[in-house]
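Spelled out, the chains give:
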Amino acid sequence: MTSSAANTLAADVVRARTLLAQFGDTMVVVLMVAALIAGLVGEPEDMIAIIAIVILKAVLGFVQENRTRRYRTAHCRQHSADQSTPARSHAAEHRRGRAHRPNSA
């Protein structure tokens, strides 16, 4: 298995876990129990409405967490790239007069 295939598989596993974690929330469990009770009592409209709400909540939570993960990954990459610049180059820029100089009065 190539490293890109392994990375893709790992990313898919993370996404699947993130999606399944949305259904572990306490409110979702309460809503699923309410949907089950509504179905047993004979209220199919209520059951369908509750299940639709649960699915919508899971999808929105998944999208939000996925966006956050992508932002954090990009931010960490950018931050690590900024940190990899040697301090010596900043000193050299300063000596050459390229550093920012505030206006003196």
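Residues numbered from 1 in each chain as written. Predicted model: local features only at pLDDT ≥ 70, side-chain atom pairs only at ≥ 80, totals over all residues. Heavy atoms only, no water.

## A few points about the overall build of the protein
As a reminder, the rule being used: Starting at the N terminus, helices and strands are each numbered in turn, a helix being any DSSP run of H or I of at least four residues and a strand any DSSP run of E of at least two. Any residue under 20% of the maximum accessible area for its type is buried, any over 50% is exposed, and the rest in between are partly exposed; the area is computed with a 1.4 Å probe on protein chains only. By the convention used here, residues are in contact when the closest approach between their heavy atoms is within 4.5 Å. Each accessible area is a Shrake-Rupley result for a 1.4 Å probe, and residues are judged covered by the shown protein chains and nothing else.
Secondary structure assignment for the protein yields 4 helices and 0 strands. Walking the protein from its N terminus toward its C terminus, one meets helices and strands in the order α-α-α-α. Across the 105 residues in the protein, those meeting the buried criterion constitute 11%. When contacts within the protein are restricted to residue pairs at least 6 apart in sequence, long-range pairs at least 24 apart make up 55% of them. Accessible surface computed for the protein: about 8700 Å², of which carbon and sulfur atoms make up 62%.

## Topic: the confidence of the model for the protein
Spelled out, the test is: Summary of the metric used: pLDDT quantifies the predictor's per-residue confidence within the range 0 to 100.
Per-residue pLDDT for the protein has a mean of 79; in total, 74% of the residues score no lower than 70. At the low end of the mean pLDDT range in the protein sits helix α4 (residues 87-95), at 56; at the high end sits helix α2 (residues 26-41), at 94.

## Description of the side chain of Q22
Its location among the elements puts Q22 in helix α1 (residues 3-22). The contact partners of Q22, leaving out residues within four places of it in the chain, are V28, K57, A58, G61, F62 and E65.

## Examining a nonpolar patch on the surface
Counted only if it meets this: Grouping into patches uses exposed residues only, defined as over 30% relative accessible area, and leaves out salt-bridged ones; the cut-off is 9 Å for like charges and 5 Å for nonpolar side chains (Val, Leu, Ile, Met, Phe, Trp, Tyr). A side-chain nitrogen of Lys or Arg and a carboxyl oxygen of Asp or Glu constitute a salt bridge if their distance falls within 4 Å.
Where nonpolar side chains cluster on the molecular surface, the patch consists of M32, I51, I55, V59 and V63 and spans about 370 Å² of accessible area. Ranked by residue count, the leading element in the nonpolar patch is helix α3 (residues 44-83), at 4 residues. Locating V59 in the fold gives a position in helix α3. In this structure V59 comes out as partly exposed when scored by relative accessible area, which is 41%.

## Here we look at the environment of L36
Along the chain, L36 turns up in helix α2. Classification of L36 as exposed rests on a relative accessible area of 54%. As a C-alpha pair, L36 and D46 span 10 residues in sequence and 10.0 Å in three-dimensional space.

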